[in-house]
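Summary of the model geometry
Listed below, chain by chain, are the residues.
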Amino acid sequence: MGLLTILKKMKHKEREMRLLMLGLDNAGKTTILKKFNGEDISTISPTLGFNIKTLEHRGFKLNIWDVGGQKSLRSYWRNYFESTDGLVWVVDSADRLRLDDCKKELSSLLQEERLAGATLLVFANKQDLPGALSKEAIGEAMGLDDIKTHHWCIIGCSAVTGENLLSGVDWLLDDIAARVFTAD
Amino acid sequence: MDIQVDICEGNRDDNSSNVVKIPERLLQREQARLDDAERRKEAKESHSVANENSEFFTKAFNRDRAAIEELISICSGADRALATQTLDEATAKTQQLQKFLNDSMMFLAQYELRQAQASLQKLQTSLAEKRDEALPKKKFAFRSRTKATEQVCDTVPATQSGETVIDGHTPAESSIGKVEETVYSKQCGFSNMDDMVLTKTAGEINKNDVLLSHLTNCKVRLFGSPSTLHIKNVSGCEILCGPVSSSVFVDHCSNSTLALPCQQLRTHNTTSTQVYLHVTSRAIIEDCQGVSFAPFTWSYPTLDEDFVVSGLDRARNNWTQVDDFNWLALGTPSPNWTLISEEDRKTTWEI
């Protein structure tokens, strides 16, 4: 048994998960991350680069990677794909004009080999805005029903109020745990 | 043997009178525990993944892969229901195989892992191709919505353009125009106007998300506090807006003047535009040229109240701190934006 094998086993023992949070710019990725972690969300700047948070939730150690969504940063997304257990795709439900862009980016992500085993959670964010589309409408727009390659789930949420963030992450953890830790 | 000794010592500490009896009972328990552990170990070893050697993995993997390939090859488009069933079964099996691979990842060599991943990928591709071929109406991947769903839900016009194809080509330009019209009719804001003076009152805005699009040579006044503001495809406009409680998103804006307080400003594809800004976190630009910044100076009678509604901090204005996503070099300033010198700033505004 090599050292790498031992390390990998240790990672499994610790019930560690790596979540990658992506989406178009202004979708609310950083706000979701900070709100989930109980931090102040009023001073968040557009992400120039990425944020990593490690937090404990339900006995799991979560490594959450939040990578900036600006067009100029999207080509760097692939640098973060390796050994991702869960992909969190964040959508600005009030940004109707870029839904098509949003769908295209998501579909190209799902064709990525290195994300093949990852569970997909779609957050239809900004449900607190009066003009927001419902999670059903977002699901249609993203063509989620046609996804056969990944386990997926869509949850309507608001990063500002914190609504449904927990239930979304809980679903994600359950799904990943069922896949990754069943051997225990 | 060690165990027995331990137990005896433990017992002595307990100072119990049944010195002989208890170790016996404990020994029995210990034996039962060992048996149980042995049984569990055996059970685990009989489990597929517990056989942690790559030879076993390769065999099992290839066997399953062959089974799935068989499923895919027998599937034909003649009977839709049957084809759907077969393909779904194949999909489920592929997922199981993926899980098997994930479980085995710990003890596989890098090469074997890559090989397995490659063949899984191939399986998925051929599965998708078969799905296209056998069930042509319900292709895999991301298509535009079907007719039925269009009737149910007309709130997602952005993807109604019907031309979107499997590999994500853009829909025809003309259909976008039509689509956007439907978007605008449902939204608070203005669109498709030339040479107009456009005003929204605090009552109309009232924490709505506001959209301004396709405006040319217009003067726009937004009194009140929107929750977000989107500005898209405008040129030659003067847009003055009350405090925006979260972000302002600007895209394709040219030769315009904007004045707005907000939490974040995100500017894209914008040229020759002046921004009179109050921003409490940061402003960013991307793919912009000739954007210049000055502090927010517009005022109207209820501005103070709207600031309170928006929750923005009036004392914190980071209008000089602009991040250019196309200029990541430290030390040298971005050539894409400048600050407007004091004598060139606009101080009077027509309401």
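About the cut-offs
Residues numbered from 1 in each chain as written. Chains lettered and ligands numbered in written order. Predicted model: local features only at pLDDT ≥ 70, side-chain atom pairs only at ≥ 80, totals over all residues. Heavy atoms only, no water. Helix = DSSP H or I, 4+ residues; strand = E, 2+ residues; numbered from the N terminus. Buried < 20%, exposed > 50% of the residue type's maximum accessible area, 1.4 Å probe, protein only. Contact = heavy atoms within 4.5 Å. Areas by Shrake-Rupley, 256 points an atom, 1.4 Å probe, with all protein chains shown as cover. Salt bridge = Lys/Arg side-chain N within 4 Å of Asp/Glu carboxyl O. Pairing = 2+ DSSP bridges. Axes fitted to C-alpha atoms, helices over the stretch in contact; angles between N-to-C directions. pLDDT = per-residue confidence, 0-100. Core = buried A, V, L, I, M, F, W, Y, C linked by side-chain atoms within 4.5 Å. Parallel < 35°, antiparallel > 145°, perpendicular 65-115°, else oblique.

On a plain count of helices and strands, chain B comes out with nine helices and 12 strands. Here chain B holds 351 residues, and the buried ones make up 44% of them. Residue pairs in contact within chain B that sit at least 24 positions apart in sequence constitute 37% of those at least 6 positions apart. Accessible surface computed for chain B: about 18,800 Å², of which carbon and sulfur atoms make up 50%.

What follows covers the overall build of chain A. When helices and strands are tallied, chain A shows six helices and six strands. Each helix and strand of chain A, ordered N terminal to C terminal, gives the series α-β-α-β-β-α-β-α-β-α-β-α. Burial statistics for chain A: of 184 residues in total, 60% are counted as buried. Working note: accessible area of chain A is about 7,100 Å², and carbon and sulfur atoms make up 51% of it.

Now for the pattern of salt bridges. All chains considered together, the criterion is met by 24 salt bridges over all chains. Salt-bridge contacts for Arg58 of chain A lead to Asp174 of chain A; the nearest nitrogen and oxygen are separated by 2.6 Å. Pair noted here: Arg58 of chain A is in the loop between β2 (50–57) and β3 (60–67) and Asp174 of chain A is in helix α6 (residues 165–180), with a separation of 116 residues, a long-range link. Residue classification places Asp174 of chain A among the partly exposed residues on the basis of a relative accessible area of 43%. We note a salt bridge from Arg221 of chain B to Glu238 of chain B, for which the minimum N-O separation is 2.6 Å. Of the two residues, Arg221 of chain B sits in strand β4 (residues 219–222) while Glu238 of chain B sits in strand β6 (residues 238–241), which places them 17 residues apart along the sequence. Sharing partners across several salt bridges, the network here consists of Asp25, Arg74, Asp95, Arg98 and Glu105 of chain A.

All names here are of chain A. Read across the sheet, six strands follow the order β2-β3-β1-β4-β5-β6 without closing on themselves; strand pairing throughout is mixed. Two strands bound the open sheet, and with one partner strand each, they are β2 and β6 (152–156). Along the sheet, successive strands turn relative to each other by an average axial angle of 20°, direction set aside. In terms of strand pairing, strand β4 (residues 86–92) meets strand β5 (residues 119–125) through seven bridges, oriented parallel. The residue bridging Gly86 from the neighbouring strand is Thr119, located in β5. Strands in contact with helix α4 (residues 99–110) are β1 (16–23), β4 and β5; relative to β4, the strand with the most contacts, it is inclined by about 170°.

All right, on to the confidence of the model for chain B then. Residue and element names in this part refer to chain B. In this model, chain B carries an average pLDDT of 79, and 76% of its residues clear a pLDDT of 70 or more. Residue range residues 146–185 is modelled with pLDDT below 50. Its contacts to residues more than four positions away, or to other chains, number 57 contacts. With a pTM of 0.66, the predicted complex shows an ipTM of 0.86.

Here the focus is the nonpolar core. In terms of nonpolar packing, the biggest core is built from 35 residues, with Leu212, Leu229, Leu260, Leu265, Leu277 and Phe293 of chain B touching the most fellow members. Sort the elements by how many residues they give to this core and strand β8 (residues 257–279) of chain B lands first, with seven residues. Excluding its chain neighbours within four sequence positions, the residues that come into contact with Leu260 of chain B are Leu229, Ile231, Cys241, Val248, Leu265, Tyr276, Leu277, His278 and Phe296 of chain B. In terms of nonpolar packing, the next biggest core, distinct from the first, is built from 28 residues, Tyr80, Leu115, Ala141 and Leu144 of chain A among them.

For the rest of this paragraph, the subject is the packing of α4 of chain A against helix α5 (residues 135–142) of chain A. Residues and elements named next belong to chain A. In the contact formed by α4 and α5, the axes pass within 9 Å of each other and the chain directions differ by 60°. The orientation of α4 relative to α5 falls into the category oblique. Facing α4, whose interface residues are Leu99, Cys102, Lys103 and Leu106, α5 presents Ile138, Ala141 and Met142.

Overall, Glu238 of chain B belongs to the buried group, its relative accessible area being 10%. Setting aside residues no more than four positions away along its own chain, Glu238 of chain B makes contact with Cys218, Lys219, Val220, Arg221, Thr257, Lys346 and Trp349 of chain B.

Turning our attention to unusual backbone geometry. All names here are of chain B. One non-glycine residue with positive phi stands out, namely Asn206, at about 30°. Within the secondary structure, Asn206 sits in the loop between α8 (202–205) and β3 (209–216). The exposure class assigned to Asn206 is exposed, which follows from its relative accessible area of 53%. For Lys207, which is not a glycine, the phi torsion comes out positive at approximately 60°.

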